[in-house]
Amino acid sequence: MSGSFAVVDPSIGEAFTEVAMASAAEVDRAVGRAVRAQARWAALAPLDRARLLRRFAAVVDARGEELAALEVRNSGHPVDGARWEAGHVRDVLEYFSAAPERLIGKQIPVAGGIDVTFHEPLGVVGVIVPWNFPMTIAAWGFAPALAAGNAVVLKPAEWTPLTALRLAELALEAGLPDGLLQAVPGTGAVAGEALVRHPDVAKVVFTGSTATGSRVMALAAEQVKPVTLELGGKSANLVFADADLDAAAAAAPGAVFDNAGQDCCARSRILVERSVLDAFLERLEPAVRAWRVGDPRQEGVQMGPLVSAAHRDRVASFLDGRTPLMRGSAPDGPGFWFAPAVVLPEAPDDRLLSEEVFGPVVAVQAFEGEAEGVALANATRYGLSGSIWTRDLGRGLRVSRAVRSGALSVNSNSSVRYTTPFGGMKRSGIGRELGPDAPLHFTDEKNVFYATGDPA
Ligand code: NAD
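Computed from a predicted structure; not experimentally measured.

Engineer: What is the right way to read the packing of aromatic side chains from this model?
Structural biologist: We describe a pair of aromatic rings using the distance from one ring centre to the other and the angle between the two ring planes. Under the criterion given, the structure shown has eight aromatic pairs. Taken together, the ring pairs in this structure connect Tyr-95, Phe-96 and Tyr-418 into an aromatic cluster. The ring of Phe-442 has Lys-203 sitting right over it, with the charged end atom 5.0 Å from the ring centre. Above the plane of the ring of Phe-338 lies Arg-327, whose end atom (NZ or CZ) is 4.9 Å from the centre.

Engineer: Any chance you could explain the sheet that holds strand S11 (residues 269-273) here in plain terms?
Structural biologist: Whenever strands of a sheet pair, they do so through backbone hydrogen bonds, lying parallel or antiparallel. The seven strands lie next to each other as S12-S13-S14-S11-S10-S16-S17, forming an open sheet whose pairing is mixed. Lying at the two open borders of the sheet, with one neighbouring strand each, are strand S12 (326-327) and strand S17 (407-410). Here three bridges tie strand S13 (residues 341-343) to strand S14 (residues 361-367), and the two strands are oriented parallel to one another. Of the residues in S14, the one forming a bridge with Ala-341 is Val-361.

Engineer: Looking at this structure, I do not really get the sheet that holds strand S3 (residues 107-108). What am I missing?
Structural biologist: Spatially, S3-S4-S20 is the arrangement adopted by the three strands of the open sheet, whose pairing is antiparallel. Of all the strands in the sheet, the pair left with one neighbour each is S3 and strand S20 (443-451). Pairing of S3 with strand S4 (residues 113-121) involves two bridges; the strand directions are antiparallel. Bridging across to S4, Ile-108 finds its partner in Asp-115.

Engineer: What's the story with the UniProt feature "active site" (unreviewed entry) in the chain in this structure? I'm lost.
Structural biologist: Annotation from UniProt places "active site" (unreviewed entry) at Glu-230. For Glu-230, the location among the structural elements is in strand S9 (residues 227-230). Accessibility expressed as a relative area gives 4% for Glu-230, which makes it buried. Among residues more than four places away in sequence, those in contact with Glu-230 are Phe-206, Thr-207, Gly-208, Leu-384, Phe-422, Gly-423, Gly-424, Ser-428, Gly-431, Arg-432 and Glu-433.

Engineer: Can you help me understand the domain arrangement of the chain in this one?
Structural biologist: For an interface, size is often stated in terms of accessible area lost upon the parts coming together. Per the domain assignment, the segments of the chain are domain 1 (4-231 + 428-448) and domain 2 (236-410). Taking the mean C-alpha position of each, domain 1 and domain 2 sit 30 Å from one another. On the side of domain 2, 27 residues touch domain 1, which itself brings 24 residues to the contact. Surface buried jointly by domain 1 and domain 2 totals about 2100 Å² across both partners, of which 59% is contributed by carbon and sulfur atoms. Inspection of the region where domain 1 meets domain 2 yields two salt bridges. Close ionic contact of Arg-83 with Glu-299 constitutes a salt bridge, the shortest N to O distance being 3.0 Å. Here the side of domain 1 that touches domain 2 takes three residues from helix H4 (residues 79-96), the largest share from any one element. Per-class residue counts for the side of domain 1 that touches domain 2 are 10 nonpolar, eight polar and six charged.

About the thresholds
- Residues numbered from 1 in each chain as written.
- Predicted model: local features only at pLDDT ≥ 70, side-chain atom pairs only at ≥ 80, totals over all residues.
- Heavy atoms only, no water.
- Phe/Tyr/Trp six-rings, centres within 6.5 Å; stacked < 30°, edge-to-face > 60°.
- Lys NZ or Arg CZ within 6 Å of the ring centre and 35° of its normal.
- Pairing = 2+ DSSP bridges.
- Helix = DSSP H or I, 4+ residues; strand = E, 2+ residues; numbered from the N terminus.
- UniProt positions renumbered as here; feature names shortened; annotations may be inferred.
- Buried < 20%, exposed > 50% of the residue type's maximum accessible area, 1.4 Å probe, protein only.
- Contact = heavy atoms within 4.5 Å.
- Domains from an automatic or database assignment.
- Buried area = accessible area lost by both parts, 1.4 Å probe.
- Salt bridge = Lys/Arg side-chain N within 4 Å of Asp/Glu carboxyl O.
- Nonpolar A, V, L, I, M, F, W, Y, C, P; charged D, E, K, R; others polar.

Take a look at the structure:
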């Protein structure tokens, strides 16, 4: 063990349990168990692997309330959202349970024989996740990886290890081989790096900050190890003058204040065509005031606390020396509360326009015309998500092609569906998760030529 970490309920700011932090030696033992489990798993018939994944989904479904309650307590997520997250883990497992029987190779016409391709599992996959959506992001990694025949060692974030630990137990309860899905809580520097550096870890799926992702990629490069990186964002919510302003304004708070803004897809910049700026702000104000911040255990609450005191202080630093244009409400302490804020930055180099806040603070900017709107949306090193609000179908299509982001929506703020690919451009990451191709990203394509003695 490398010591322990206090697990805190962010809605009251009090520790309620401790979790041991894995040492490098423990990560090594977990990877050893995973290697053995993977061999057993890959030897099962595809239908049996599919059945076990469906059973895992059923166990997660049966334990949905328990998982949701753990997430409410550990992460401060409102209970409605946490229930959705537990259901999403179930759905992701069900969706990818079809993959073992559908990883179909090719038969390629060649001279002198038969050529066949196989999608072979990589072996052991390391999945490193952040604290903002601990169970859903873990499932995006482990479900397709397991479905493709791999074992997974999952490293949760220090602050939020509980649902990852519980999901690994539920995998065992469902009958998956012992060691196939293990959670190793620990620090990034010790357990995270030990996992990335381990020679028997064939691939790393990392979700977290761009700085850490860059470090993970550099470590993985030493062993020419593939990585999927899901990193930060500074996404734009583009509202054109011809948009349904009522709909755009009503949806805007959810697009950035959901999960207290601790969302890589948060539309933390609202770009509004200047001719409708005032009309849009008039509609936004009541929506911001109506945003319900409070006890995450209460149904109907839309936003809980931030994850930690340190994170709340970092978010608060973005408001130093300024008066927000609009401010929602939040309970007084104890707990890591922060009232949502809408800011109109004046300087084009304002840090609110370039840095990821990862909290409930949104910057509003005006633009003139489509070209400037697109240019502002792209004026960021990130490229994760974004929205375009317009009634002009042609504009919706044009602008969605012109904005350099991996997950865009038109007249909607949704980014994630497990049936569609998700991931970032530019510094928001490399590779895609979810969608029909995700299991393929956890395989090597092997080509075999069988000589048949025919004339070449
Ligand atoms: P973080 O980078 O600090 O940590 C993420 C994970 O990496 C944690 O488990 C941490 O322990 C581990 N880690 C830290 N240092 C490491 C190292 N040297 N080697 C290996 N692992 C290490 O990020 P965070 O603060 O937990 O999460 C917030 C960030 O995550 C934000 O930037 C957010 O945008 C991003 N994020 C991205 C997505 C996406 O899908 N693109 C989703 C959620 C969050």
